[in-house]
Structures are given as C-alpha cells and as structure tokens.
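Coordinates in review
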Amino acid sequence: MNNNETNQAGDTAVRHNWTLAEVQALFDLPFNDLMFQAQTVHRQHFNPNEVQVSTLLSIKTGACPEDCKYCSQSARYKTDIDKERLMEVEKVLEAAKKAKAQGSTRFCMGAAWRNPKERDMPYVVDMVKGVKAMGLETCMTLGMLSEDQANELQSAGLDYYNHNLDTSPEHYNQIITTRTYQDRLDTLDNVRSAGMKVCSGGIVGLGEQAKDRASLLVQLANLPQQPESVPINMLVKVEGTPLSEVQDLDHFEFIRCIAVARILMPKSHVRLSAGREAMNEQMQAMCFLAGANSIFYGCKLLTAANPETNQDMMLFKKLGINTETVSNHELDEGDEAQRLRTAVVNQENSDLFYNAE
C-alpha cells in the first residue's frame with residue numbers, strides 16, 4: 001500500500017479517487033494477499049470479532065412497478081410472491097420488539113415501491129418513531145425519495161436509508177430500465193442532504209463481468225461521502241424472473257468482492273447480505289475474515305431465505321464473534337449475555353422477518 005494511502009497514525013485513509021484500474025488490480029491479487037490486506041485494513045478501524053446485527057421487515061410486499069430483472073416483487077414477472085398492502089403500524093412495532101429480543105440492534109423496514117406516496121408517509125413516519133423509541137437504530141428502504149420526503153423521515157428519527165446502486169453503470173441497463181442510475185444517485189444525495197446515514201451496496205452474480213463488480217465498488221467508494229453501511233448481496237435466483245437461469249457466481253469471487261469493498265471503504269460496515277442461505281459456515285467465516293462485519297438476522301431477506309437466527313448465533317460462538325451494540329443505547333455485560341442466551345435458546349422463527357436484497 002502506498003504511503004499516501006495511510007494517515008499519520010498508520011490507519012488506511014478514506015479515498016474518493018479510486019480508479020477502475022486500481023480496483024481491478026486488487027481483484028487480481030493472489031487470494032491470500034488480498035485477504036491479508038483486507039483483514040489488516042479491517043483491524044485498523046473495527047473490532048475484528050464484532051458483527052453488527054440487523055433485522056429487515058417487509059412492510060409492503062409485491063406489486064412493484066419496476067422491472068429489476070432479479071426481483072421477485074416486480075409486478076412484471078410471474079413469481080409465487082403474495083402481494084400485501086402496507087402493514088399496520090402496530091404490527092410493525094410488534095415485529096421490531098421481537099427483533100430486539102433476538103439480538104438485533106437495527107430494524108430495517110422495506111416497501112416494494114418505486115417511491116413512497118404522500119398518503120403513505122404518515123404511517124411510515126409513525127413506524128420510524130415507534131421503532132426509535134425502543135432503542136433500536138432505524139433504517140428504511142422505500143425506493144426513490146424526494147428532498148421533502150428525506151427531510152420528513154430524518155425529522156421522524158430515521159438513522160439510515162437504504163438505496164442500492166445494484167450494479168455498475170455499464171451493466172445497469174441490462175438489469176433495470178424503469179429508473180436510471182442517476183435517479184439512484186439523486187436519492188442518495190437527498191438522503192445525505194437531509195442528514196441521514198446511507199446504506200448502499202449492490203448485487204453480484206447478475207450475469208455481469210468481473211470489471212462490472214470492480215466498477216460498482218468504484219462508484220460506491222468515490223461517492224462524496226462513503227456509505228456507512230455497504231450491503232454486498234449474492235443473487236438469489238427466483239423462478240419467474242429473467243435472471244432465474246443465470247450462471248452462479250463463483251464463491252471465491254464473492255469473497256473477493258467483500259475483501260475489496262473493505263479495502264476501498266475502510267470505515268464502512270460491510271454487510272454480508274442476501275445469499276447467505278447458500279453459503280456454508282466456512283464461506284461465511286471467510287467473508288468475516290475478508291472484512292464483513294454486518295449481517296441480517298431472520299428467516300428471510302425480503303423474499304429470499306436466510307439462515308435462522310440461532311444458526312447465526314451458533315456460528316458466532318464457534319468463531320468467537322460478539323454482536324455489536326448500539327452506541328447510544330449501550331447494554332451492560334449482564335444484559336448483553338442475557339440477550340445472547342435468549343437469542344439462542346428462545347429463537348422465534350416468525351414469518352414476519354425478512355432480510356434485504
């Protein structure tokens with residue numbers, strides 16, 4: 001690593017001028033060298049044995065007008081997803097309470113919308129306020145946001161807003177045509193301007209080329225302010241969608257994506273997101289070694305299967321990993337130990353829980 005990439009304390013500096021050639025060179029490193037570099041960067045900024053835990057609830061499922069070729073919730077494709085209206089506020093708060101009891105520190109709420117309608121905003125705002133009052137961090141993914149909507153959510157106490165770039169600018173039109181790449185960047189700008197934290201990443205295994213995976217990470221790393229949370233999703237193929245027969249991404253290539261994301265965005269939480277159901281314990285452990293330090297709990301990721309909470313807790317135990325606490329709602333050691341025991345012993349596989357893609 002060049003000297004100009006480190007600060008005086010020896011920590012990796014945050015850069016916003018990565019070139020595609022530089023990032024491709026990282027992907028091309030021998031696997032062990034890449035892992036060593038990623039783990040070195042990770043330890044400069046994070047406790048290597050802590051993972052932040054979130055739960056995502058689908059508050060409105062299906063009937064989305066967008067044409068994202070990977071998505072089971074698009075109204076354009078015939079999938080087995082049941083269409084559901086916006087959930088009642090009290091049911092959302094009940095799900096958040098269960099998520100907290102299972103060890104989650106952040107509660108994310110996702111709606112299959114192109115963008116929220118004004119008639120929906122009062123209910124969404126009440127959800128944010130109610131979850132926030134429980135001492136959980138709050139996150140939402142509702143599609144595109146206007147400046148006014150972003151400000152309204154921030155005023156309600158929303159901590160994070162998720163809006164993925166999905167893939168590279170070069171590959172984007174092969175996956176989505178109903179909104180532009182600039183539309184996505186504009187929403188991220190609105191979220192930042194409102195004072196909220198950004199959760200933004202992408203999906204790999206969409207039939208893209210290796211250079212597209214590098215280009216996606218360049219886009220994220222070179223944002224004016226890097227996302228605080230970067231979900232890296234492995235495509236979960238859904239029958240009825242145009243990508244249901246796409247070739248599987250090699251698992252080592254996925255791990256490389258995690259490692260390069262960690263090097264490019266040293267202070268961001270890199271989330272091991274959709275696709276974990278297809279990953280064995282060894283692969284997940286390699287992802288944590290590569291710098292992933294955030295996961296979703298729950299039996300589903302929006303509409304895709306996800307390892308059950310107690311399986312995650314048992315893997316954490318094997319690896320000596322602890323769950324990260326919310327900074328402004330710290331638990332004492334006794335409370336934390338009790339919470340972990342409860343999560344393992346009293347796991348509730350609620351059908352409400354979904355993880356994000």
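Presented here is an overview of the structure given in this document. Note that the structure is a prediction, hence the values are computed from the model and not measured.

This paragraph deals with the overall build of the protein. Within the protein, the secondary structure is distributed over eleven helices and 13 strands. Across the 357 residues that make up the protein, the buried fraction comes to 57%. In the protein, once contacts between residues fewer than 6 apart in sequence are set aside, the share between residues at least 24 apart is 76%. Carbon and sulfur atoms form 47% of the exposed surface of the protein, whose accessible area is close to 15300 Å².

Along helix α1 (residues 20-27), the positions that sit buried rather than exposed are Val-23, Leu-26 and Phe-27. Projected down its long axis, α1 carries its buried residues within an arc of 105 degrees, all on one side. Contact partners of the buried residues in α1: α2 (31-45), α7 (210-221) and α8 (251-264).

A few words on the packing of aromatic side chains. Throughout the structure, instances matching the rule amount to three aromatic pairs. Ring centres 5.1 Å apart and planes at 85 degrees place the aromatic pair Tyr-172 and Tyr-181 in the edge-to-face group. Classification of Tyr-172 as buried rests on a relative accessible area of 1%. Plain terms: the ring middles of Phe-288 and Phe-316 are 6.2 Å apart, the flat faces sit at 65 degrees to each other, and that makes the pair edge-to-face. One end of the pair, Phe-288, is in helix α9 (residues 281-289); the other, Phe-316, is in helix α10 (residues 309-319), and 28 residues separate them in sequence. On the basis of relative accessible area, Phe-288 is assigned to the buried category, the value being 8%. In this structure, Arg-15 packs its charged tip against the face of Trp-18, placed 4.0 Å from the ring centre. Positioned above the aromatic ring of Tyr-160, the side-chain terminus of Arg-106 is 3.8 Å from the ring centre.

In contact at an axis separation of 8 Å, helix α4 (residues 121-133) and helix α5 (residues 147-156) are set at 30 degrees when each is read in the N-to-C sense. Relative to α5, α4 is oriented roughly parallel. Note that α4 runs across α5; the crossing there is right-handed. Listed contacts from α5 to Met-121, Val-124, Val-125, Val-128 and Lys-129 of α4 are Gln-149, Glu-152, Leu-153 and Ala-156.

Turning next to the packing of α2 against α8. Contact pair α2 / α8: the axes reach a minimum separation of 8 Å and the direction vectors enclose 35 degrees. Considering how the two elements wind past one another, α2 and α8 form a crossing that is left-handed. Within the contact between the two elements, α2 uses Phe-31, Leu-34, Met-35, Gln-37, Ala-38, Val-41 and His-42 and α8 uses Phe-252, Ile-255, Arg-256, Ala-259, Val-260, Arg-262 and Ile-263. For the contact of α2 with α8, the residue count by class is ten nonpolar, two polar and two charged.

Before going further, it helps to examine the pairing of strand β7 (residues 229-234). Most of β7 sits out of view: six of its six residues are buried. Side chains Ser-229, Pro-231 and Asn-233 project from β7 onto one buried face, and the interleaved Val-230, Ile-232 and Met-234 project onto a second face that is buried too. Summarising the sheet, strand β6 (residues 202-204) and β7 pair through three bridges and their orientation is parallel. Counterpart to Ile-203 in the pairing with β7 is Asn-233.

What follows covers the nonpolar core. Of all hydrophobic cores here, the largest spans 93 residues; its most connected members are Phe-107, Met-140, Leu-153, Phe-254 and Leu-264. Sort the elements by how many residues they give to this core and α8 lands first, with nine residues. Leu-56, Cys-108, Cys-139 and Tyr-160 belong to the second-largest nonpolar core, a separate cluster that totals five residues.

Turning our eyes to something else, we now look at the side chain of Gln-149. Structurally, Gln-149 is set in helix α5. Those residues in contact with Gln-149 that sit more than four places away from it in its chain are Pro-116, Glu-118, Met-121 and Met-144.

Our focus in this paragraph is a negative patch on the surface. A cluster of like negative charges, contributed by Glu-118, Glu-147, Asp-148 and Glu-152, occupies part of the molecular surface. Owing to a relative accessible area of 55%, Glu-147 belongs among the exposed residues under this scheme.

Further remarks concern the side chain of Thr-105. Take Thr-105: it is sitting in the loop between α3 (89-101) and β2 (106-111). Here Thr-105 falls in the buried class, since its relative accessible area comes to 4%. At 3.3 Å, the side chain of Thr-105 forms a polar contact with the side chain of Gln-52.

Turning our eyes to something else, we now look at the pattern of salt bridges. Counted according to the given criterion, the structure contains twelve salt bridges. One salt bridge in this structure joins Glu-94 and Lys-98, with 3.8 Å as the shortest N-O distance. Of this pair, Glu-94 and Lys-98 both sit in helix α3, four residues apart, which is roughly one turn of that helix. Since its relative accessible area comes to 24%, Lys-98 is described here as partly exposed. Notably, a salt bridge pairs Glu-208 with Arg-213, separated by 2.9 Å at the nearest N-O pair. Residue classification places Arg-213 among the buried positions, given a relative accessible area of 8%. Connected through salt bridges with shared partners, the residues Glu-208, Arg-213, Glu-253 and Arg-256 form a single ionic network.

This brings us to unusual backbone geometry. A positive phi angle, near 75 degrees, is found at Asp-166, a position not held by glycine. Relative to the helices and strands, Asp-166 resides in the loop between β4 (160-162) and α6 (181-194). Overall, Asp-166 belongs to the buried group, its relative accessible area being 2%.

The rules behind the values
Residues numbered from 1 in each chain as written. Predicted model: local features only at pLDDT ≥ 70, side-chain atom pairs only at ≥ 80, totals over all residues. Heavy atoms only, no water. Helix = DSSP H or I, 4+ residues; strand = E, 2+ residues; numbered from the N terminus. Buried < 20%, exposed > 50% of the residue type's maximum accessible area, 1.4 Å probe, protein only. Contact = heavy atoms within 4.5 Å. Areas by Shrake-Rupley, 256 points an atom, 1.4 Å probe, with all protein chains shown as cover. Arc of directions from axis to C-beta. Phe/Tyr/Trp six-rings, centres within 6.5 Å; stacked < 30°, edge-to-face > 60°. Lys NZ or Arg CZ within 6 Å of the ring centre and 35° of its normal. Axes fitted to C-alpha atoms, helices over the stretch in contact; angles between N-to-C directions. Parallel < 35°, antiparallel > 145°, perpendicular 65-115°, else oblique. Left-handed = near helix turned anticlockwise from the far one by under 90°. Nonpolar A, V, L, I, M, F, W, Y, C, P; charged D, E, K, R; others polar. Pairing = 2+ DSSP bridges. Core = buried A, V, L, I, M, F, W, Y, C linked by side-chain atoms within 4.5 Å. Patch = residues over 30% accessible without salt bridge, like charges linked within 9 Å, V, L, I, M, F, W, Y side chains within 5 Å. Salt bridge = Lys/Arg side-chain N within 4 Å of Asp/Glu carboxyl O. Lys, Arg positive; Asp, Glu negative; His and termini not counted. Charge placed at Lys NZ, Arg CZ, Asp CG, Glu CD. Polar contact = N/O pair within 3.5 Å; in protein donor to acceptor, adjacent residues only side chain to side chain.

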